[in-house]
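Architecture at a glance
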Amino acid sequence: MPVLLFLIDTSASMNQRTHLGITYLDIAKGAIETFMKLRGRDPASRGDRYMLVNYEDVPFGIKAGWKESHATFMTELRNLQATGLTTIGQSLRTAFDLLNLNRLVTGIDNYGQGRNPFFLEPAIIIAITDGNKLTSSGGVQDELHLPLTTPLPGSELTKEPFRWDQRLFALVLRIPGNASVEPEPLVGVPLDDSPITPMCEVTGGRSYSVFSQRMLNQCLESLVQKIQSGVVINFEKTGPDPPPLEGKMKSGLQPWHCCHKLIYVRPNLKTGVPIGHWPIPEAFWPDQNSPTLPPRSAHPHVRFSCLDAEPMVIDKVPFDKYELEPSPLTQYILERKSPHTCWQVFVCNSAKYSDLGQPFGYLKASTALNCVNLFVMPYNYPVLLPLLDDLIKVHKFKPTLKWRQSFENYLKTMPPYYIGALRKALRIMGAPNLLADNMEYGLSYSVVSYLKKLSQQTKMEYDRLIATIGKKPTPEAGIKVRWRGSSIPLAHRRDFIQQLQSLTGEAPTLPMELNPKEFQGFHLALLNKGLKPQSFRNPYDIPRSHLLDQLSRMRRNLFNTTVCALRGQDSDQLHSVPIAQMGNYQDFLKAAPQPLRDADPEQPKRLHTFGNPFKLDKKGMMIDEADEFVTSPLNKGKRPAEGNNMPGGGPKRRRCMSPLLRLGRAYTPPVSPSSSPQHSAGEITCQLCHLITEAFIEIMSALCFSDYEKIFLLLKQIQGTLETRLIFLQNIIKEAARFKKRVLIEQLENFLEEIHNRSNNINHVDII
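Only a predicted model underlies this, so the values are computations on that prediction, with no experimental measurement involved.

Rules of the game
- Residues numbered from 1 in each chain as written.
- Predicted model: local features only at pLDDT ≥ 70, side-chain atom pairs only at ≥ 80, totals over all residues.
- Heavy atoms only, no water.
- Helix = DSSP H or I, 4+ residues; strand = E, 2+ residues; numbered from the N terminus.
- Expected span 1.5 Å × (residues − 1).
- Buried < 20%, exposed > 50% of the residue type's maximum accessible area, 1.4 Å probe, protein only.
- Contact = heavy atoms within 4.5 Å.
- Pairing = 2+ DSSP bridges.
- Axes fitted to C-alpha atoms, helices over the stretch in contact; angles between N-to-C directions.
- pLDDT = per-residue confidence, 0-100.
- Patch = residues over 30% accessible without salt bridge, like charges linked within 9 Å, V, L, I, M, F, W, Y side chains within 5 Å.
- Areas by Shrake-Rupley, 256 points an atom, 1.4 Å probe, with all protein chains shown as cover.
- Salt bridge = Lys/Arg side-chain N within 4 Å of Asp/Glu carboxyl O.

1. Quick look at helix α11 (residues 445-468)
Under the 1.5 Å per step criterion, the end-to-end length of α11 is 35 Å for 24 residues, consistent within 8% with the ideal 34 Å. Along α11, the residues that are buried comprise V447, L451, L454, S455, T458, E461, Y462, L465, I466 and T468. Residues of α11 that are buried make contact with β3 (62-64), α3 (88-99) and α4 (103-106). Among the residues trailing α11, G470 stands out with phi positive, at a value near 100 degrees.

This is the structure we're talking about:
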């Protein structure tokens, strides 16, 4: 599972704008999103973990770490702001410590017991910066320096802050503010000359000097290809050069003599994780009496001998095979076109009595001459493999005394941490009893106890740091006034007084002597962004760029006032809200006064949804075929209806939400001829509402089933005043528009015109 850590420069210089119209920080955010889209095309990206670190102090600079989700990563990325200094050294150290936080707990580094290439946690750090000067609270630095002190336990076991499976790549933005008229070079992206470039090369990465958006996209595609599972190794030639090739007579130091490249560690196709057997030896012989371990370098220094040797492989004896990244060394080996010979590899000081050590593998070109592979074998394999071959073919797994003596002599020259790997190999071969179970692994008791203690401390530090990620820094109380000692104020300097006198022609009056010690302990208040500025009361709340506009407002406030007292703010600023706060509707609701209770508890509760405050809560409601709102069993409260004499209270009356059916509307319901004048006004009103409700329900049912003939038949039966019929018909047209019945709407409008024309004719006859 590769880890992709983005280190974003959030210094103030990232606010500079390019000719594209956006800032460097916006370009960095867009580059990360583009990178993630390009990476998402690879099926292997499902196991990627993304981390985000900026230039703030620890732990506030860690925006997304080991526990944060992808959504948190994207949210923190969008919220980044460029305010601060270019403390890239401290931020790089924070990024490396974050990656190394869990390594001692899992035992990936395997200190003192050899380096296992197949036990790794590949990580790529992508730093995006503008390449400006390295500024900090102590001044401007010319070189990149990482802090030596770190709270990470066990950091003293490795000389460098990074590990061999971690690489640093830097995108240095050099996009100008004005568009360049010169054509872009068609060659590859050049290296940058910023201080971060040497750090990239040390880790096995590189820097990119980006001058345009096209180059940035090219760099992102290149970085996606760099995501490979592997470790970085220093290869260095030892001994004489091989015989030169025909037509290539060169002497002196060649590029292939020393290479700093990656070896690919491919995952197993079945399990999805790398599988290996043999470690790369340590650069020291383990001493069981030593209380500590010597610090190791991040990248092992592997020396190769150019003397041709015969590659050795025996059936049933496992070996590891790693492909080398293309480099001058691989190119030189392939040019020799000798796939049947190999060059042995060594680690200095790995043997007990030899400075160069014994060979632990070899470099060999593939049979097809398309790549170079590193074969990792048992330590001092030229001695062990013939012994194992004799054991299998000659002795038939029944070793003689002489063979055992030779095997014991070999074990004395082998580092003791190879015992575990050798025991597994012998078990695979079918000879599990050749090694005693009580053989020591080479680490003293004090070293083992120390490593266990470091593992526990690292776990505690891991939990502590994880708990602090995501917390916001506490705001400062103010800016402390510092006393500069006996420095002379500007007004008291002789050269300043002389310059001022030469310009004005008269000597200035010196201010009274001030005692600077009186201001010790003073704090200058910081701007509280949470308070609304009082631009009509506090002149310090007026930004410099708004002085002229504020002057016009104050003049208008002074001369246009109609009362004696001046208003405290301008009328056009009463409801002005910054764009960044326009969507913050929840905070507005919290600050708003408590609303009054609903007059009708059975009314559906309205949701305060931003953008649609009239949205209804439909959880407690049902809709029938006539588009009526019927209260569900959740709302069990009943309103007592006047004049309801039905036994048992009768069924619950349905309420249609159409505005036509609500009481208090400006229309007169039709009066039934059979109604008795002795009925009360409340009974008549209730009965008329009931008739109107039934007529409207029948029309809505016909509308749902597109029964237009029934609709017009019911409309012709509606009696009453002209105003009542018009209002009723207009509401039916609105309901038809809600159901998008265009043909019905045209017919209803024609029917409405007929009613208007008929009423006009009647009025004309009355006048005559």
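2. Things to note about the sheet that holds strand β11 (residues 301-305)
Ordered in space as β9-β10-β12-β15-β14-β13-β11, the seven strands form a closed barrel in which the pairing is mixed. The mean inter-strand angle of the sheet, taken between neighbouring strand axes irrespective of direction, is 35 degrees. Sheet topology note: the strand β9 (residues 230-238)/strand β10 (residues 258-264) ladder contains seven bridges and is antiparallel. Of the residues in β10, the one forming a bridge with N234 is H260.

3. Some points on the confidence of the model for the protein
Overall, the predicted model of the protein reaches an average pLDDT of 80, with 78% of residues at or above 70. Counting interchain partners and residues more than four positions distant, the pLDDT-below-50 stretch residues 620-681 has 81 contacts.

4. Overview of a nonpolar patch on the surface
A surface patch of nonpolar side chains, amounting to about 270 Å² of accessible area, comprises I479, L524 and L526. Relative to the helices and strands, L526 resides in the loop between β17 (523-524) and α13 (547-559).

5. Focus on the side chain of N380
Of note, N380 is situated in the loop between β15 (372-376) and α8 (381-393). Residue classification places N380 among the buried residues on the basis of a relative accessible area of 8%.

6. Structural notes on the pairing of β15
Consecutive residues of a regular strand have side chains that alternate between opposite faces of the sheet. Of all five residues in β15, five are buried, a share of seventy percent or more. Note that strand β14 (residues 361-365) and β15 share five bridges and pair antiparallel. Each bridged residue has a counterpart across the sheet, and for K364 the counterpart in β15 is N373. Counting the residues that bridge the hairpin from β14 to β15 gives six residues, and of these L369 lies at a positive phi of roughly 55 degrees.

7. Considering the sheet that holds strand β8 (residues 207-210)
Strand order in this open sheet of six strands is β3-β2-β1-β4-β7-β8, and the pairing throughout is mixed. Bordering the open sheet on either side are β3 and β8, each of which pairs with just one other strand. Neighbour-to-neighbour, the strand axes of the sheet open up by a mean angle of 20 degrees, direction not taken into account. As paired strands, strand β2 (residues 49-53) and β3 are joined by two bridges and run antiparallel to one another. Bridge pairing links L52 to A64 in β3.

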